[in-house]
Amino acid sequence: MSYSTYYRSIGRLAFPLFLGQLGNIAVGFADNIMVGHYSTEALASASFVNNVFNIAIFACVGFTYGLTPLIGAIFSRGETDAIGRMVRVGMRVNTIFTLAVTALMLLLYFNLDLLGQPGHLMPLIKPYFLIVLSGMIPVMLFNVLAQWSYAINDTALPTWIVLSANALNILGNYILIYGNWGAPELGLTGAGISTLIARVLCAIAMIYVFFCSARGRSYLPGFHHGNHVPGQAAEIARTGFPVAMQMTFETAAFSGSAIMSGWLGAVPLAAFQIVAISGMLGFCIYYSIGAAMAIPVSHAAGQGDTVAMRKSAWAGYHLILAAMTITSLLFIFGGHFIMGLFTNDPAVLTLALTLIFPMVLYQFGDATQITFANALRGTSRVMPMLYCAFVSYIVVGLPVTWVLAFPCGMGMYGIVLSFSVSLLLAAMLYLYYFLRATRKKA
């Protein structure tokens, strides 16, 4: 089969995911633009909370990703009852995991003062933190059922749900941040409430689709009455936990960088948020293609076809490199305009603009690690992801960030520059293990 066939297959699956990620980008931009124009303090507080919370959210979302290759392999064999049973067990296992992560974040809440952030931001940080914490279970429920939808080749449904919720989120921001339409002016707290409502609605919509619509009807007998399969919960945990830890370690490196930015002051912390949300433009595009590519990899894995697994991965990489080139050019030539959307504070904007070059530099590492992390996830042989991410982001990434920022005296420039080191290392390690996992048996 030629690469053009793989391009079309991945593109068809990726397009709805891309629309969903585009919606996430739009709401992320809108959140930060509205908060940033409300006040620099609100933007800095949002930067801290969102970057810290990304660790927890990506851990829980990553844990649900373990379901995609398992359900995808079953789907390739046409076993609908087994899929329903897998969703039931996956929902139970993911609920336990998310409650454990929520408890850890609540413990962190009572120790926020130990993280060295500017003291005058704490009255904004603490209520926003609790609101974001309340959205953990809805995020998990939506993503468990979204992985079911992706694995059965329906990537459009979760996308439209997310796009609709994002539109409501932006409207909620307009009303609650500034106190429009007779609502109270809640600032950053209003942004948090609007996001929480959107996340709850996403979960409700996916639950309705699975349990009450024609799309989920054939899977309900297996969900309600499927026989217990010994070891299935452990299989889901074994597949989901390494992905969760991979995403946790990667996000922890970025969140640690946000904390270090806070040590430099409120202006650097606000500038970091502008760079982080701008960089998400690339990440979300690459990830939509990578997640789509993992689906045919998982189907090929279910059939034991290592050639198709590799071709799917390389085809996905070609598409991601093309997207990376376009995104990098957008940052180079449009970075001033993009970053200028987020703030009226000249000190914040000036600092953010100096960080465009290192932000562009890390796009290649980000694109490559996303490709082969998702390719490896599609094979279901995901345990190496845990070790690769721990070494790349925690053992190497965070110390390099600290060294470049403080002993080397590079400040914010060193913080953003350090991302290239950890991302490229992770990319090389994921590629190595993917090639091992898809090696032909003699």
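Residues numbered from 1 in each chain as written. Predicted model: local features only at pLDDT ≥ 70, side-chain atom pairs only at ≥ 80, totals over all residues. Heavy atoms only, no water.

Nonpolar side chains in soluble globular proteins tend to end up buried together. Core analysis: the largest hydrophobic core is formed by 145 residues, its most contacted members being Phe-53, Ile-71, Val-87, Trp-148 and Tyr-430. Apart from the residues within four sequence positions on either side, Trp-148 is in contact with Ile-71, Ile-83, Val-87, Met-206, Val-209, Phe-210, Arg-215, Gly-216 and Tyr-219. (Core = buried A, V, L, I, M, F, W, Y, C linked by side-chain atoms within 4.5 Å. Buried < 20%, exposed > 50% of the residue type's maximum accessible area, 1.4 Å probe, protein only. Contact = heavy atoms within 4.5 Å.)

In this section: empty space enclosed by the protein. In the structure shown here, the tally under the stated rule is 3 cavities of 30 Å³ or more. There is about 40 Å³ of room inside the second largest cavity. As for the second largest cavity, its lining consists of Ala-253, Phe-254, Ser-257, Gly-397, Leu-398, Thr-401, Ser-418, Phe-419 and Ser-422. Across the lining of the second largest cavity, the residue classes tally to 4 nonpolar, 5 polar and no charged. (1 Å grid on protein atoms, 1.4 Å probe; cavity = no way out; pocket = protein on both sides within 12 Å on 5 of 7 lines; lining within 4 Å. Points joined across faces, edges and corners; volume = space filled by probe spheres on them. Nonpolar A, V, L, I, M, F, W, Y, C, P; charged D, E, K, R; others polar.)

One way to put it is that helix 2 (residues 40-65) packs onto helix 11 (residues 232-264) with a least axis distance of 6 Å and a crossing angle of 165°. Relative to helix 11, the element helix 2 is oriented roughly antiparallel. Considering the relative orientation of helix 2 and helix 11, their crossing is right-handed. Broken down by class, the residue content of the contact of helix 2 with helix 11 amounts to 16 nonpolar, 7 polar and no charged. (Axes fitted to C-alpha atoms, helices over the stretch in contact; angles between N-to-C directions. Helix = DSSP H or I, 4+ residues; strand = E, 2+ residues; numbered from the N terminus. Parallel < 35°, antiparallel > 145°, perpendicular 65-115°, else oblique. Left-handed = near helix turned anticlockwise from the far one by under 90°.)

Let's shift gears to the state of the cysteines. The full count for this structure, using the stated rule, is 0 disulfides. Residue Cys-202 stays outside any disulfide, its sulfur separated by 14 Å from that of Cys-284, the closest cysteine. (Disulfide = S-S within 2.5 Å.)

With that out of the way, let us pick up the environment of Pro-118. Examined against the element boundaries, Pro-118 turns out to sit in the loop between helix 4 (80-109) and helix 5 (122-133). Relative accessible area serves as the criterion here: at 15%, Pro-118 is assigned to the buried category. When the C-alpha atoms of Pro-118 and Gly-265 are compared, they prove to be 6.8 Å apart, with 147 residues separating the residues in sequence. Setting aside its immediate chain neighbours within four residues, Pro-118 contacts Gly-262, Gly-265 and Ala-266.

To continue, consider the packing of aromatic side chains. Here the structure, examined in full by the defined rule, presents 21 aromatic pairs. Seen in terms of ring centroids, Trp-148 and Phe-210 are 4.9 Å apart; in terms of plane orientation they differ by 90°. Their pairing is edge-to-face. Pair noted here: Trp-148 is in helix 6 (residues 136-151) and Phe-210 is in helix 8 (residues 188-212), with a separation of 62 residues, a long-range link. Of the two residues examined, Trp-148 and Phe-210, each falls in the buried class. Taken together, a centroid distance of 6.2 Å and an interplanar angle of 45° make the contact between Phe-372 and Phe-434 tilted. Highlighted residues: Phe-372 in helix 16 (residues 363-378) and Phe-434 in helix 18 (residues 411-437), separated in sequence by 62 residues. A relative accessible area of 1% means that Phe-372 is categorised as buried. You can call Phe-434 buried: its relative accessible area is 0%. Three or more aromatic residues joined by ring pairs make a cluster, and in this case those are Trp-148, Phe-210, Phe-211, Tyr-219 and Phe-223. Lying across the ring of Tyr-65, Arg-377 places its NZ or CZ 4.7 Å from the centre. (Phe/Tyr/Trp six-rings, centres within 6.5 Å; stacked < 30°, edge-to-face > 60°. Lys NZ or Arg CZ within 6 Å of the ring centre and 35° of its normal.)

Looking now at the packing of helix 12 (residues 266-303) against helix 13 (residues 306-340). Close contact between helix 12 and helix 13 brings their axes to 9 Å; oriented N to C, the two are set at 170°. One element, helix 12, and the other, helix 13, form an angle in the roughly antiparallel class. Residue composition of the contact of helix 12 with helix 13, by class: 22 nonpolar, 7 polar and no charged.

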